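Secondary and tertiary structure notes
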Amino acid sequence: MKKILYIDLDNTLVNVQSGIDRLTNAEYIRYEKRLDEVPGIFARMEPISGAIDAFHTLARSFDTYILSMAPWGNATAWQHKLEWVQEHLGADVGGPAYKRLILSHHKHLNRGDFLVDDGSAIGADRFEGELIKFLSPLFPDWNTVTRYLLERAESAPRPEFSSRSLRRRALHGGAALTP
């Protein structure tokens, strides 16, 4: 059985700054403290370098899902995240991203082996598997993340997640604490 891998969108697969850079001056001023609420901002974003290839590579070895949060105050973001996944990762039935997008404000409720995320908010810090902190010194790019995960992709029975013994590597000084 393949291990379960979740990958965040914002600043992990998607370059959020690329969308901000495409805002008009009027949009920037109007939404200055809440740029994630600009209607249509997510549709303007580009992939992070190496993210698309990494996703497809990892999806061959893991049961892979995209786990992201959409701003509560921006209904267009929910739609545009789905459209972004379809455009950049594929919309084909049976493809690696087909019906694999989960939008949640509670990432810790998802069970799995790994979560690649650039932050620890909205439950990522309480995810029961291993949190791989993207863009951290240990995981600065997709080549590093892909190499690390592929070394751990063997198809072995997944452990029960009844304890919190699986700790997040990036939050514990880089020590590998997982089996």
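Values in this document were obtained by computation on a predicted structure and should not be read as measured data.

Our next topic: the overall build of the protein chain. The helix and strand tally for the protein chain stands at five helices and seven strands. Mapped from its N terminus to its C terminus, the protein chain presents α and β elements in the order β-β-α-α-β-α-β-α-β-β-β-α. In the protein chain, which comprises 179 residues, the proportion classed as buried is 45%. Within the protein chain, contacts between residues at least 6 apart in sequence are counted, and of these 67% link residues at least 24 apart. Accessible area of the protein chain: about 9,200 Å², with a carbon and sulfur share of 51%.

Within helix α3 (residues 51-61), burial applies to Ala51, Ile52, Ala54, Phe55, Leu58 and Ala59. Along the axis of α3, the buried residues cluster in a sector spanning 160°; they form a single face. Residues of α3 that are exposed and point more than 90 degrees away from the buried face comprise Asp53 and Arg60. Where the residues of α3 are buried, they touch β1 (4-7), β3 (46-47), β4 (63-68), α4 (75-89) and α5 (142-150).

Grouped together as the largest cluster of nonpolar side chains are 37 residues, with contacts concentrated most on Leu13, Trp84, Leu89, Val116, Trp142 and Leu149. Taken together, the elements giving at least two residues each to this core come down to β1, α1 (16-20), α3, α4, β6 (114-117) and α5. Counting residues per element, this core draws most heavily on α3, which supplies six residues. Setting aside its immediate chain neighbours within four residues, Leu89 contacts Leu13, Ile52, Phe55, His56, Ile66, Trp84 and Ala97.

Non-glycine residue Asn11 carries a positive phi angle of around 60°. Of note in this structure, Lys99 is not a glycine but carries a positive phi near 55°. Structurally, the position occupied by Lys99 is in the loop between α4 and β5 (101-103).

As a packed pair, α3 and α5 sit with axes 10 Å apart at the nearest point and diverge in direction by 5°. By the angle between their axes, α3 is roughly parallel relative to α5. Each of Ala51, Ala54, Thr57, Leu58 and Ser61 in α3 lies in contact with α5, whose residues at this interface are Trp142, Thr146, Leu149 and Leu150. Taken together, the residues that form the contact of α3 with α5 break down as six nonpolar, three polar and no charged.

This part is about the sheet that holds β1. In spatial order, the strands read β5-β4-β1-β6-β7; together these five strands make up an open sheet with parallel pairing. At either end of the open sheet lies a strand with only one pairing partner, and these are β5 and β7 (130-133). Across the sheet, the mean angle separating the axes of adjacent strands is 25° when strand polarity is ignored. The sheet contact formed by β1 and β4 spans four bridges and is parallel. Residue Leu5 lies in a different strand from β4, and its bridge partner there is Thr64. With respect to the sheet, α3 is in contact with β1 and β4, its orientation differing from that of β4 by roughly 135°. Strands in contact with α4 are β4 and β5; relative to β5, the strand with the most contacts, it is inclined by about 160°.

Listed as buried for α5 are Trp142, Thr144, Val145, Thr146, Tyr148 and Leu149. Here the buried face of α5 lies against β1, α3, β6 and β7. Capping of α5 at its N-terminal end is provided by Asp141; its side-chain oxygen lies 3.2 Å from the backbone amide nitrogen of Asn143.

Conventions we followed
Residues numbered from 1 in each chain as written. Predicted model: local features only at pLDDT ≥ 70, side-chain atom pairs only at ≥ 80, totals over all residues. Heavy atoms only, no water. Helix = DSSP H or I, 4+ residues; strand = E, 2+ residues; numbered from the N terminus. Buried < 20%, exposed > 50% of the residue type's maximum accessible area, 1.4 Å probe, protein only. Contact = heavy atoms within 4.5 Å. Areas by Shrake-Rupley, 256 points an atom, 1.4 Å probe, with all protein chains shown as cover. Arc of directions from axis to C-beta. Core = buried A, V, L, I, M, F, W, Y, C linked by side-chain atoms within 4.5 Å. Axes fitted to C-alpha atoms, helices over the stretch in contact; angles between N-to-C directions. Parallel < 35°, antiparallel > 145°, perpendicular 65-115°, else oblique. Nonpolar A, V, L, I, M, F, W, Y, C, P; charged D, E, K, R; others polar. Pairing = 2+ DSSP bridges. Polar contact = N/O pair within 3.5 Å; in protein donor to acceptor, adjacent residues only side chain to side chain.

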